[in-house]
Amino acid sequence: MANNFWTGVIVGWLVGLILGFLLPVIGPLVGGFVAGWMVRGGVGNGAKAGLLAGILGAIVIAALLLIGGTILLGAFGFIAGLGTSLVIIVAAFVYQGLLSLIGGAIAGAIRR
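Predicted model only: the values in this text are computed from it and were never measured.

1. Some remarks on the UniProt feature "transmembrane region" (unreviewed entry) in the protein
Under the feature "transmembrane region" (unreviewed entry), the UniProt entry names residues 6–39, 51–80 and 86–110. Taken end to end, residues 6–39 is 91% helix and 0% strand, and its first and last C-alpha atoms sit 8 Å apart. Helix makes up 100% of residues 86–110 and strand 0%. Its end C-alpha atoms lie 35 Å apart.

2. Concerning the packing of helix 2 (residues 26–39) against helix 3 (residues 42–110)
With their axes 8 Å apart at the nearest point, helix 2 and helix 3 run at an angle of 55 degrees to one another. In terms of orientation, helix 2 and helix 3 fall into the oblique class. Looking at the contact of helix 2 with helix 3 residue by residue, the classes come out as 14 nonpolar, 10 polar and no charged.

3. Focus: the nonpolar core
Within the largest apolar cluster, 7 residues are counted, these being F5, V9, W13, A35, V39, A49 and A53. Looking at this core, the elements with two or more residues in it are helix 1 (2–22), helix 2 and helix 3. A total of 3 residues in this core trace back to one element, the largest contributor, which is helix 1. Apart from residues no more than four positions distant in its own chain, A35 is found in contact with G8, V9, G12, A49, G50 and A53.

4. Focus on helix 3
Helical geometry note: an α-helix holds 3.6 residues per turn, so side chains three or four residues apart project in the same direction. With 69 residues, helix 3 extends just 8 Å between its outermost C-alpha atoms, more than 12% less than the 102 Å of an ideal straight helix rising 1.5 Å per residue. Along helix 3, the helix axis deviates most sharply at L73, where the bend reaches about 155 degrees.

5. Some details on unusual backbone geometry
The backbone of R40 sits at a positive phi, close to 65 degrees, despite the residue not being glycine. Within the secondary structure, R40 is located in the loop between helix 2 and helix 3.

Rules used in this analysis
- Residues numbered from 1 in each chain as written.
- Predicted model: local features only at pLDDT ≥ 70, side-chain atom pairs only at ≥ 80, totals over all residues.
- Heavy atoms only, no water.
- UniProt positions renumbered as here; feature names shortened; annotations may be inferred.
- Helix = DSSP H or I, 4+ residues; strand = E, 2+ residues; numbered from the N terminus.
- Axes fitted to C-alpha atoms, helices over the stretch in contact; angles between N-to-C directions.
- Parallel < 35°, antiparallel > 145°, perpendicular 65-115°, else oblique.
- Nonpolar A, V, L, I, M, F, W, Y, C, P; charged D, E, K, R; others polar.
- Core = buried A, V, L, I, M, F, W, Y, C linked by side-chain atoms within 4.5 Å.
- Buried < 20%, exposed > 50% of the residue type's maximum accessible area, 1.4 Å probe, protein only.
- Contact = heavy atoms within 4.5 Å.
- Expected span 1.5 Å × (residues − 1).
- Bend = angle between axes of the 7 residues up to and from the residue.

Listed below in structure tokens is the structure:
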């Protein structure tokens, strides 16, 4: 079950990432749905997988901002990237995490 859980989280994150560029609201929702569908185990397990998929996406976005800012602008870019990353990660946790959680819960409810 643990292997299936993390596989579902990673696949859900990738689906949310790809669709997130095209459809900003639908992407995390579908990514959470895919994670919840692959994990199985009811609403709670599906919601947990969806939430982790959304949070993983937020962490990756923040890390890319931090690395990109440092590479492009040096120390000033690091500080600016760090400040931006903190704001983005809080907003993305709420935005992506909540939408992915809802998608995972829906998938868990459908596939018991």
